[in-house]
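Geometric and topological summary
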Amino acid sequence: MNNERITPSELYALTLSREAHSMTEAVGKTLTVKAWALNEYTAEGAEIKQRTGVIDADGTAYITNSAAFAARFGDIVNYIKACDMDDVGFALKVVSVKSKSGRAYNSCELVFK
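Thresholds, definitions, all that
- Residues numbered from 1 in each chain as written.
- Predicted model: local features only at pLDDT ≥ 70, side-chain atom pairs only at ≥ 80, totals over all residues.
- Heavy atoms only, no water.
- Pairing = 2+ DSSP bridges.
- Helix = DSSP H or I, 4+ residues; strand = E, 2+ residues; numbered from the N terminus.
- Contact = heavy atoms within 4.5 Å.
- Axes fitted to C-alpha atoms, helices over the stretch in contact; angles between N-to-C directions.
- Phe/Tyr/Trp six-rings, centres within 6.5 Å; stacked < 30°, edge-to-face > 60°.
- Buried < 20%, exposed > 50% of the residue type's maximum accessible area, 1.4 Å probe, protein only.
- Core = buried A, V, L, I, M, F, W, Y, C linked by side-chain atoms within 4.5 Å.

Here we have six strands laid out as an open sheet, ordered β1-β4-β3-β2-β5-β6, and mixed in their pairing. The open sheet has two edge strands, β1 (21-22) and β6 (104-111), and neither has a second partner. Bridge count for strand β2 (residues 30-42) against strand β5 (residues 91-98) is three bridges, and the pairing is antiparallel. When the bridges of β5 are listed, Thr32 appears paired with Ala91. Relative to β6, helix α2 (residues 67-82) is tilted by about 10°, and along the sheet it contacts β2, β3 (48-56), β4 (61-64), β5 and β6.

Right under this line is the structure:
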């Protein structure tokens, strides 16, 4: 799944490029989302994993293989679509959250300006 007007070069940057930044580098930042993609890939051992990618207004691509981030981002995208909002141009804050066991993981929040 990806935004409706994604270009081939944006999709490549979010799925196959090795030049994308880790989503961890975006923790604490609010990104204006220019393009996004949620996709699955086959990892070693034929395990299916999720990859989430976001390109910000500056053209920087951030990706993560975190299932928790993918689930949260997918919920946000579904919310945006249900509210008939544009699927690009929204503000997304990347945050670090602690699990009940104390382990930190990356997540995101939709920001209303």
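Below, the discussion takes up the packing of aromatic side chains. This model, assessed by the stated rule, comprises three aromatic pairs. Seen from their ring centres, Trp36 and Phe73 are 5.7 Å apart, and the 65° between their planes marks the pair as edge-to-face. Placement of Trp36 in strand β2 and of Phe73 in helix α2 is noted, with a sequence separation of 37 residues between them. For the pair Trp36 and Phe73, a shared accessibility class is recorded, and that class is buried. On the basis of relative accessible area, Phe73 is assigned to the buried category, the value being 0%. Three or more aromatic residues link up through ring pairs in this structure, and these residues are Trp36, Phe69, Phe73 and Phe90.

What follows is about the nonpolar core. Ranked by internal contacts, the top residues of the largest apolar core, which has 19 residues, are Met23, Trp36, Val54, Phe73, Phe90 and Leu92. Elements represented by at least two residues in this core include exactly β2, α2, β5 and β6. Ranked by residue count, the leading element in this core is α2, at six residues. With residues up to four places along the chain from it excluded, the contact list for Val54 reads Leu14, Met23, Leu31, Val33, Ala35, Trp36, Thr60, Ala61, Tyr62, Phe73 and Leu92. The next biggest cluster of nonpolar side chains, apart from the first, holds eight residues, and it includes Ile6, Ala13, Ala35 and Ile55.

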